[in-house]
Amino acid sequence: MSRVSDKFPVLCIVGKIAALVLLVPFAFSIFPFLWNLAVYGEDDIDEATYVRWCDEDYYKREYGDLLERLQLSKLYGEPFEVYWEVTDATVAYEEFLQWHRAEKKGIEGSTEMAERYYNEVLACALGCRFERNRSILDGYAKEVKELRMQNIIQEGVTE
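This section reports on the structure supplied with the text. All figures in this text were calculated on a predicted structure; none of them were measured in a lab.

Criteria and thresholds
Residues numbered from 1 in each chain as written. Predicted model: local features only at pLDDT ≥ 70, side-chain atom pairs only at ≥ 80, totals over all residues. Heavy atoms only, no water. Phe/Tyr/Trp six-rings, centres within 6.5 Å; stacked < 30°, edge-to-face > 60°. Helix = DSSP H or I, 4+ residues; strand = E, 2+ residues; numbered from the N terminus. Buried < 20%, exposed > 50% of the residue type's maximum accessible area, 1.4 Å probe, protein only. Lys NZ or Arg CZ within 6 Å of the ring centre and 35° of its normal. Axes fitted to C-alpha atoms, helices over the stretch in contact; angles between N-to-C directions. Parallel < 35°, antiparallel > 145°, perpendicular 65-115°, else oblique. Left-handed = near helix turned anticlockwise from the far one by under 90°. Contact = heavy atoms within 4.5 Å. Nonpolar A, V, L, I, M, F, W, Y, C, P; charged D, E, K, R; others polar. Arc of directions from axis to C-beta. Salt bridge = Lys/Arg side-chain N within 4 Å of Asp/Glu carboxyl O.

## Brief notes about the packing of aromatic side chains
- Here the structure, examined in full by the defined rule, presents eight aromatic pairs.
- When the centroid spacing of 6.1 Å and the interplanar angle of 70° are considered together, the rings of Y58 and Y83 count as edge-to-face. With Y58 in helix α2 (residues 47-59) and Y83 in helix α4 (residues 81-104), this pair connects stretches of sequence that are 25 residues apart. For the pair Y58 and Y83, a shared accessibility class is recorded, and that class is buried.
- Grouped by ring-pair contacts, the aromatic residues Y58, Y59, Y63, F80 and Y83 constitute a single cluster.
- When the ring centre of Y58 is taken as origin, the NZ or CZ atom of R132, which lies over that ring, is 4.4 Å away.

Here it is as structure tokens:
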């Protein structure tokens, strides 16, 4: 009869592997930001460095990371407006997608919320102030219009 103590080394190894699998992706997403703060210290980082880091996130299309950097470092003002514009549009786009999925499942109140974020995405695209964001915001607007059109067509077929 096998005892738990006989299996303990195997369980420890499995537990460590599971922890690594779960924690490594998180560590790689937050580590660069924390490393920069640890190496430079928040007071030692100049605006040009923040702009360079924001550009890196922007060109990698890592808008979630960009939004975190903007919020955590409290980066406001003229050099960061281009980044705020794209992150605000991305948040509206992601919200639309979530509410659109909820709407398809028939969740109460989701239609109004999907419509709200649909309009917000379109407003972001129409009010685009920075040419370098134009293709991104227009892409979001095009996709939400297509999804909305599919909804209208499906509703017409089912009626």
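## What to know about the packing of α4 against helix α5 (residues 110-126)
- The N-to-C vectors of α4 and α5 enclose an angle of 150°; their axes lie 8 Å apart at closest approach. Here α4 is positioned roughly antiparallel relative to α5, judged by the angle of their axes. Between α4 and α5 lies a crossing whose hand is left-handed. Packed against α4, whose contacting residues are A89, A92, Y93, E95, F96, W99, H100, A102 and E103, the element α5 presents S110, T111, M113, A114, Y117, Y118, E120, V121 and C124 at the interface.
- The residue makeup of the contact of α4 with α5, split by class, is 12 nonpolar, three polar and three charged.

## Points about the environment of R101
- As for its placement among the helices and strands, R101 is situated in helix α4.
- C-alpha separation for the pair R101 and A114, spaced 13 residues apart in sequence, amounts to 8.8 Å.

## Some thoughts on helix α3 (residues 63-72)
- Within the span of α3, buried status applies to Y63, L66, L67, R69 and L70. End-on, the buried residues of α3 take up no more than an arc of 160°, which puts them together on one face.
- Looking at the residues trailing α3, positive phi occurs at K74, about 55°.

## Looking at the pattern of salt bridges
- Within the structure shown, the criterion is met by six salt bridges.
- Residue R129 pairs with E81 through a salt bridge whose shortest N-O separation is 3.1 Å. Here E81 lies in helix α4 and R129 lies in the loop between α5 and α6 (131-158), a separation of 48 residues in the sequence.
- A relative accessible area of 56% places R129 in the exposed class.

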